[in-house]
Amino acid sequence: MGEDTESSKGNHSFLRDYVTEADVISTVDSTTQENLLATGDKGGRVVVFQRETVSSLLPPTSSHLLSSLLPLPPLLSQPKGELDQVGETGESGEYNVYSTFQSHEPDFDYLKSLEIEEKINKIRWLPQQNAAHFLLSTNDKTIKLWKVSERDKQPEGYNLKDEEGRVKDISTVTSLQVPVLRPTDLMVEVRPRRVFSNGHTYHVNSISVNSDGETYLSADDLRINMWHLGITDRSFNIVDIKPANMEELTEVITAAEFHPHHCHLFVYSSSKGSLRLCDMRASALCDRHTKLFEEPEDPGSRSFFSEIVSSVSDVKFSHNGRYLLTRDYLTAKVWDLHMEKGPVETYQVHDYLRTKLCSLYENDCIFDKFECVWNSSDSVIMTGAYNSFFRMFDRETGRGVTLEAWRETSKPRAVLRTRRIYTGGKRRRGDVGVDSLDFTKKILHMAWHPEENIIAIASTNNLYIFQDRVSPDTQGPDLGSDTI
Amino acid sequence: MFPKGTKRKFSDSGDEPAAGGEDVNQPSSVAVRMLSSYSLQRQSLLDMSLIKLQLCHMLVEPNLCRSVLIANTVRQIQEEMTQDGTWQIMTQALSAANAAAQCSADRLVATEVLCRQTEATQGEQVLKPFPAVGSEGCPAEEEVVVEGEGGVTMSTVSPQAPTSYLPGTFGMDPCWEEENGEDEEEDEDSEECGSGSEEGDSDRLVEDSRTAEQVFGTFEIKNPAPSPDPALEELFSDVDASYYDLDTVLTGMQSAPKMGPYDLLESLSSHGPSPLSSSTSCRSDLNELDHIMEIIVGS
């Protein structure tokens, strides 16, 4: 398992028989405009994908290349059962690699004699303000702001430098010329614009850009800091749950996010399963929550694993800002911001694991942190599971569906079939038994396009992108219609 | 769910003292077995949790969330065991074993129950030979040298030293004893009474200190607790006090009086190698020894 070179990563990652540790995708995020998708991996690299919006006049060979870069089944099924195979449409919407860059390097903390991993924990795009795109990427300790921009023109005709940039011999210059901008091949430039370092003693687990477009928060296990995007040498500590005596530590922060519209509100989740909504107008240090969302524990189902299983691994505001979506080990819950005493909806993601908690504790799988996402209209929620399965729940009907992100069973442009876990009763063909689930194939990271029905699922070192076959629009697909 | 070896061993031993008999007025064999299997499961969970806390990579800072969750689980189990009276039984077994400096057959049973770690379990779990000498990642440890004070003088930790008494923190967990070699283990059970071993180097304690550091200690360097003896304070002025953390966190509910490290050293100096006195203070004494060893090995 050696380091791979940048050149080989993009083309040959699907040919390797083994997974290079460094290729494991650790985060995914997508932008609102320009259809960019970014993934970060354990090796500290960020890969940015761009969606092709040009209608497909692509020659067949290049399409083939694209599908060999990523398994790209472009068809998505809404939770309605099996769909018919759809023929080749050659339609646009495929994602290509736009840029790859090394965001973080391994580091060493000399004070504690500990390594700092280069693994990218989170990436967040900033709202676009000009032609360039900005994203924040973070490892355990340092957050960086990257500018991703395109260049398709190049100045030519300098008087003092030649084409390669070498200084010319003055004696050879006989006339003056005005440099002109000439179109060149499209180049994507990525430059680090800010480095926000030394803000965190513990491992950063979340970053969230504020709706004001100027600030963002970064959360580690015990503290949350607020930064200004333009200022790197200072940050404000807005939450600090570190006890005076570390011996009394029983709860840590697991995720945090700003409200999508109110720049003074943010929420953070804890390892005890509670959510705290904080208002920054109330005080500078938001140690006292404005609202505490907590579901009282069911005394009947208490076990040694109750607390671990209740630890929230991800929290997301809905797009309309009225609901919160949280994920703990076995369930996904939707909370109404106006109701603190419990979630309004609870979805069982993989309840069949409830009897296996001891084994999952033993192999550490019980500590896996699954992410969850909303769709653009907040009507569907999605989260990952094991065995390359992920789950989608329709909030209106309450029904859930299991889908699989696995290269062997899905070809490009094939329709996703729903899967079932066999938990008793009549066993159908294709049902998967609980004991045959592969717990090494976990879907932890995912993203849903903010406007369209396109999802990106990260499975180990592969990125799967699925989109709605009928129409990429926000309205639910009209299944049963034949051609697009 | 729990290792087969554990079950086998349990059925070999005599009565299960931790059956929670107080709740059962007329214990039928089924009820007793159910309760026993529950406490067995709980015990194995406790063992597993403690191992998890110990086995952290020292190259990278361990995941704090995971450590906190495991520590909470351990504390929860301990609380339950305290309520059950199981804890009481075990500490009494320990203290009796220690006081006598010998072990009778009865006590053997008790320790047998406690000594859950078997070959089977060893095989299942990958326990790296834990470097008792806190070498990698803790280069500062060797520098701490304790001089004088009751003749406790050691500057290095030998990884070969047998763990001759049960670690005081939980009053159990021979799992770490396997680092001394599997052959010793069965014998170790009976030797846990601590025959003249208080001053012995202990892998367990080194692990404790390393764990403390791993779990909570690495993150903070605390000021040492105020000392009653200024001379001692000088001696330990540069000792990192954070290693207390795990011990206290995980003991949690212990009602034993919490003594600072300097107190411990004083008491040890007066004790010498003589066996510890009463059962009530036995646990605190074991804690003290824990602390002392941590100081000595310098975390």
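Here the structure is a predicted model, which is why all the values come from computation and not from measurement.

**With respect to the overall build of chain B**
Scanning chain B from terminus to terminus reveals 12 helices and zero strands. Going from N to C terminus, chain B has its helices and strands arranged as α-α-α-α-α-α-α-α-α-α-α-α. Taken over 299 residues, chain B has a buried fraction of 57%. Put simply, chain B shows about 12200 Å² of open surface, and 53% of that area lies on carbon and sulfur atoms.

**So, the overall build of chain A**
For chain A, the helix and strand inventory stands at four helices and 32 strands. Within the span of chain A, comprising 484 residues, buried residues form 54% of the whole. In chain A, once contacts between residues fewer than 6 apart in sequence are set aside, the share between residues at least 24 apart is 55%. For chain A, the accessible surface area stands at approximately 22600 Å², while carbon and sulfur atoms represent 49% of it.

**Describing the side chain of His449 of chain A**
Residues and elements named next belong to chain A. Within the secondary structure layout, His449 lies in the loop between strand S30 (445-448) and strand S31 (454-459). For His449, a relative accessible area of 3% translates into the label buried. Polar contacts involving the side chain of His449 include one to the main-chain amide nitrogen of Glu451, which spans 3.0 Å. One polar contact links the side chain of His449 to the main-chain amide nitrogen of Glu452, over a distance of 3.1 Å.

**Considerations on the sheet that holds strand S20 (residues 323-327) of chain A**
Residues and elements named next belong to chain A. The strand order S19-S20-S21-S22 describes an open sheet built from four strands, whose pairing is antiparallel. For this open sheet the edge positions go to strand S19 (314-317) and strand S22 (345-348), each flanked by a neighbour on one side alone. Looking at each pair of strands side by side, their axes are set apart by 15° on average, direction ignored. Sheet analysis places S19 next to S20, joined by four bridges and oriented antiparallel. Across the sheet, Asp314 pairs through a bridge with Arg327, a residue of S20.

**With respect to the nonpolar core**
If you look at the biggest cluster of nonpolar residues, it comprises 54 residues, and the most contacted ones within it are Tyr329, Leu353, Tyr361, Ile366 and Leu437 of chain A. Where this core is concerned, the elements lending two or more residues are helix H3 (306-310), S20, strand S21 (331-336), helix H4 (357-362), strand S23 (372-374) and strand S25 (389-394) of chain A together with helix H2 (29-54) and helix H3 (64-84) of chain B. For Tyr329 of chain A, the contacting residues outside a window of four places in its chain are Val309, Ser311, His350, Leu353, Leu357, Leu360, Cys365, Ile366, Asp368, Phe370 and Tyr386 of chain A. Core analysis: the next-biggest nonpolar cluster, separate from the first, contains 16 residues, Met392, Val401, Ile455 and Ile457 of chain A among them.

**Details of unusual backbone geometry**
Trans is the prevailing form of peptide bonds, just as negative phi is the prevailing case for residues other than glycine. All names here are of chain A. In the Ramachandran plot, Ser113 falls in the positive-phi region, its phi being about 55° despite a non-glycine side chain. Along the chain, Ser113 falls in the loop between strand S5 (107-109) and strand S6 (114-116). Positive phi outside glycine occurs at Thr460, with the angle close to 55°. Secondary-structure assignment places Thr460 in the loop between S31 and strand S32 (462-467). When its relative accessible area of 27% is taken as the criterion, Thr460 is described as partly exposed.

**What about the sheet that holds strand S8 (residues 133-138) of chain A?**
Residue and element names in this part refer to chain A. With antiparallel pairing, four strands are arranged side by side in an open sheet as S7-S8-S9-S10. Here the strands that pair on one side only, and so sit at the sheet edges, are strand S7 (122-125) and strand S10 (180-196). The average undirected angle you get between the axes of adjacent strands in this sheet is 25°.

**A look at the environment of Phe305 of chain A**
Tracing the chain through its elements places Phe305 of chain A in the loop between strand S18 (291-293) and H3. For Phe305 of chain A, a relative accessible area of 8% corresponds to the buried category. Sequence-wise, Phe305 of chain A and Tyr361 of chain A are 56 residues apart; in three dimensions their C-alpha atoms are separated by 8.3 Å. Once residues lying within four places of it in the same chain are set aside, the contact partners of Phe305 of chain A are Leu357, Cys358, Tyr361 and Ile366 of chain A together with Leu45 of chain B.

**Examining the confidence of the model for chain B**
All names here are of chain B. In this model, chain B carries a mean pLDDT of 53, and residues with pLDDT of at least 70 account for 25%. Under a pLDDT of 50 for its full length, residues 1-24 has, in the predicted model, 42 contacts with residues more than four places off or in other chains. Ignoring residues within four places in sequence, the model shows residues 236-280, a span with pLDDT below 50, making 102 contacts including any to other chains. Scored as a complex, the prediction yields pTM 0.65 and ipTM 0.82.

**Quick look at the packing of H2 of chain B against H3 of chain B**
The description of two packed helices rests on the angle between their axes and on the distance between the axes. Residues and elements named next belong to chain B. Their axes nearest at 10 Å, the elements H2 and H3 cross at an angle of 145°. Our pair here, H2 against H3, has a crossing hand that is left-handed. Only Arg66, Ser67, Ile70, Ala71, Thr73, Val74, Ile77, Glu80, Met81 and Asp84 of H3 make contact with H2, whose side of the interface consists of Tyr38, Arg42, Gln43, Leu45, Leu46, Ser49, Leu50, Lys52 and Leu53. Its residues placed into classes, the contact of H2 with H3 shows 10 nonpolar, four polar and five charged.

**Here we look at the pairing of S22 of chain A**
Residue and element names in this part refer to chain A. Side chains Glu345 and Tyr347 project from S22 onto a buried face, and the interleaved Thr346 and Gln348 project onto a face without burial. By the bridge criterion, four bridges tie S21 to S22 in an arrangement that is antiparallel. For Thr331, the partnering residue across the bridge sits in S22 and is Gln348.

**Some details on H3 of chain B**
Residue and element names in this part refer to chain B. Spanning 21 residues, H3 covers 30 Å between terminal C-alpha atoms, matching the ideal 30 Å at 1.5 Å per step. Among the 21 residues in H3, 18 count as buried, and that is most of the element. Between the side-chain oxygen at the start of H3 and the backbone nitrogen of Cys65 there is a gap of 3.2 Å, and the oxygen is on Asn63. One or two positions beyond H3, positive phi appears at Gly85, with a value near 95°.

**Comments concerning the environment of Gly199 of chain A**
Mapped onto the fold, Gly199 of chain A is located in the loop between S10 and strand S11 (206-209). In contact with Gly199 of chain A, other than residues within four places in its own chain, are Asn225 and Trp227 of chain A.

**So, the packing of aromatic side chains**
All names here are of chain A. All chains considered together, the criterion is met by 17 aromatic pairs over all chains. Ring centres of Phe370 and Tyr386 lie 5.3 Å apart, and the angle between their planes is 85°; this geometry places the pair in the edge-to-face category. With a gap of 16 residues between them, Phe370 in the loop between H4 and S23 and Tyr386 in the loop between strand S24 (380-384) and S25 connect regions that are remote in the sequence. In this structure, Phe370 and Tyr386 share a single accessibility class: buried. One aromatic cluster is present, built from ring pairs that chain together Tyr329, Phe370, Tyr386 and Phe439.

Basis of the calculations
Residues numbered from 1 in each chain as written. Chains lettered and ligands numbered in written order. Predicted model: local features only at pLDDT ≥ 70, side-chain atom pairs only at ≥ 80, totals over all residues. Heavy atoms only, no water. Helix = DSSP H or I, 4+ residues; strand = E, 2+ residues; numbered from the N terminus. Buried < 20%, exposed > 50% of the residue type's maximum accessible area, 1.4 Å probe, protein only. Areas by Shrake-Rupley, 256 points an atom, 1.4 Å probe, with all protein chains shown as cover. Contact = heavy atoms within 4.5 Å. Polar contact = N/O pair within 3.5 Å; in protein donor to acceptor, adjacent residues only side chain to side chain. Pairing = 2+ DSSP bridges. Axes fitted to C-alpha atoms, helices over the stretch in contact; angles between N-to-C directions. Core = buried A, V, L, I, M, F, W, Y, C linked by side-chain atoms within 4.5 Å. pLDDT = per-residue confidence, 0-100. Left-handed = near helix turned anticlockwise from the far one by under 90°. Nonpolar A, V, L, I, M, F, W, Y, C, P; charged D, E, K, R; others polar. Expected span 1.5 Å × (residues − 1). Phe/Tyr/Trp six-rings, centres within 6.5 Å; stacked < 30°, edge-to-face > 60°.

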